[in-house]
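Secondary and tertiary structure notes
Take a look at the letters that make up each chain.
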Amino acid sequence: MMNEDMKKPHVVVVGAGFGGIRAAQKLAKADSNINITVIDRNNYHLFQPLLYQVSTACLSIDDIAYPVRATFKKYNNANFRLATVENVDLKNKKLVTDNGEVGYDYLLMAAGATTNFFGMENLAKNALGMKTLEEAVQIRSHVLRQFELAAHETDPIKRKAMLTFVVVGGGPTGVEEAGALSELIYLVMAKEYHTLNFKEVRIVLVEATDKLLPMMPERLRDVTVETLIRKHVEVRLCVQVLGYDGKNLEIKGGEIIPTNTVIWAAGVRAESIADTMGCEQDRGGRVMVNEFLQVADHPEVFVIGDMAHFIQDGRPLATVAPVAMQQADVAAHNIVNSIREKELKEFKFKPVGNMATIGRNEAVVSMGSYKSSGFSAWMIWLVVHIWRLIDFRSKVVVFVKWMWDYLLYDRLVRIITR
């Protein structure tokens with residue numbers, strides 16, 4: 001049996017995100033004679049679009065994380081390896097990991113992205129990122145701890161810094177985090193901290209450009225700003241952050257914002273493993289790929305999702321889940337066809353629209369000619385995100401928690417962990 005398996009093509013998928021899981025499932029289903037190994041440093045698939053809800057005490061970690069092995073229980077030809085890839089040796093067709101070397105016949109890189117602090121070391125050290133489960137839990141604990149400390153702080157200057165929360169980045173992550181943070185503070189915590197004056201609380205959303213949600217039409221961008229302001233969020237556009245030492249946020253022009261909390265949602269770059277591949281990369285570390293999602297000079301290597309720099313209509317595609325999932329379908333198809341020596345398929349992204357929620361009954365949706373905001377957009381956002389969760393249990397639990405929060409103005413996951 002072992003000899004037979006060794007003769008089968010071995011496809012290694014690095015990354016258990018949206019793209020990696022989808023591609024591995026497609027490969028396993030397409031041909032039982034292909035051996036598939038999925039490698040990830042975590043043993044779970046993470047539903048990243050809802051990370052901000054973990055960070056604001058709406059959901060638990062197991063609501064948006066699902067064991068990788070469970071996604072392949074129907075496929076005997078798919079296996080999982082818990083490991084961190086340290087180096088990609090394209091010449092010898094092998095990966096060096098902290099759990100041994102792994103050889104491959106075909107390689108699909110889908111390791112995703114990490115937070116980009118744009119070279120500002122003090123920000124990287126002191127700001128709170130928003131890309132991993134650990135970071136979301138850290139934000140939740142940190143925010144809750146600031147209120148616990150502020151409740152007994154007699155120095156008004158120190159208390160003001162504890163109650164000032166700055167979110168940097170005006171994309172969907174930053175907007176959703178700021179809106180959810182506002183609701184956690186003003187709709188839930190304001191009822192329980194009787195010694196605090198919530199007029200001292202300050203939530204600031206900072207964006208370096210002149211617009212929030214740049215992928216949205218102007219009307220919906222305006223609605224987003226107006227909604228955030230109603231939710232007591234101070235929106236600051238055309239504001240460039242220069243640094244943060246853990247106590248003071250420095251802004252270009254000389255302004256200083258005293259704060260104990262800076263949540264960084266201002267940019268991403270490809271995971272550092274891309275740097276070991278020796279391939280052409282863009283400024284964000286993403287690997288350049290051709291029309292078939294292959295790496296130059298290595299037709300057996302495919303890159304998708306946040307790791308891939310793919311040009312369409314004159315500009316690179318955004319680092320969003322729909323891109324990764326559509327690329328996963330094409331990459332899996334092309335790997336199967338490469339094995340069978342058939343013609344490859346060119347990738348063409350089909351836009352599915354954009355959406356972002358700003359909080360209770362408030363969202364913006366742009367799908368083709370359909371544009372919506374308010375309650376109807378919020379309902380669309382809810383349905384789409386429930387539907388995209390990977391397993392039935394998560395769908396039910398998340399829906400119940402959302403309804404509990406909606407009806408009772410309560411969030412049950414206000415737990416401080418160290």
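Located above this text is the structure these notes cover.
Residues numbered from 1 in each chain as written. Predicted model: local features only at pLDDT ≥ 70, side-chain atom pairs only at ≥ 80, totals over all residues. Heavy atoms only, no water.

Things to note about the overall build of the protein
Here is the rule: By definition, any uninterrupted DSSP run of H or I lasting at least four residues is a helix, any uninterrupted run of E lasting at least two residues is a strand, and each is numbered from the N terminus. Radius of gyration here uses only the C-alpha atoms, and the compact-globule reference equals 2.2 Å multiplied by the residue count raised to the power 0.38. Classification of residues uses two cut-offs on accessible area relative to the type maximum, computed with a 1.4 Å probe and protein chains only: under 20% is buried, over 50% is exposed, and between them is partly exposed. Any two residues whose heavy atoms approach within 4.5 Å are treated as being in contact. Using a 1.4 Å probe, accessible areas were evaluated by the Shrake-Rupley method; residue-level cover was limited to the displayed protein chains. The convention is simple: Lys and Arg are positive, Asp and Glu are negative, and His and the chain ends are not counted. By convention, charge coordinates are those of NZ in Lys, CZ in Arg, CG in Asp, or CD in Glu.
When you go through the protein residue by residue, the secondary structure sums to twelve helices and 27 strands. The C-alpha atoms of the protein give a radius of gyration of 22 Å, which matches the 22 Å a tight globule of 418 residues would have. Each of the three principal axes of the protein carries a C-alpha extent, and together these read 70 × 45 × 45 Å. For the protein, the residues scored as buried account for 54% of the 418 residues in total. Within the protein, residue pairs in contact and separated by at least 24 positions form 65% of the contacts whose partners lie at least 6 positions apart. For the protein, the computed accessible surface area is about 19,500 Å², with 53% contributed by carbon and sulfur atoms. If the 49 positive side-chain charges of the protein are averaged to one point and the 48 negative ones to another, these points end up 4 Å apart.

What about the pairing of strand β2 (residues 35-40)?
What counts, and what does not: Handedness of a crossover is defined as follows: orient the strands so they point away from the viewer, and if the path from the first strand over the helix to the second runs clockwise, the crossover is right-handed. Pairing between two strands is assigned when DSSP locates at least 2 bridges connecting them.
Summarising burial for β2: six of the six residues are buried, a large majority. Here β2 shows two buried faces, one formed by Asn35, Thr37 and Ile39 and the other by Ile36, Val38 and Asp40. Crossover handedness for the path strand β1 (residues 10-14) to helix α2 (residues 18-30) to β2: right-handed. Relative to strand β5 (residues 78-82), β2 runs parallel, the two sharing five bridges. Looking across to β5, one finds that Thr37 is bridged to Asn79.

Regarding unusual backbone geometry
In this structure, Lys93 takes a positive phi of about 55 degrees despite not being glycine. With respect to the helices, strands and loops of the structure, Lys93 is situated in the loop between β6 (85-89) and β7 (94-97). You can call Lys93 partly exposed: its relative accessible area is 35%.

Quick notes on the side chain of Glu183
Which entries qualify depends on this criterion: Pairing of N or O atoms within 3.5 Å defines a polar contact, subject to two protein rules: one partner must be a possible hydrogen donor and the other a possible acceptor, and residues neighboring in sequence count only if both atoms are side-chain atoms.
Its location among the elements puts Glu183 in helix α8 (residues 172-188). For Glu183, a relative accessible area of 8% gives the class buried. A distance of 2.7 Å separates a polar atom in the side chain of Glu183 from a polar atom in the side chain of Lys231. Excluding residues that lie within four positions of it along the chain, Glu183 makes contacts with Val188, Lys231, Gly359, Arg360 and Arg411.

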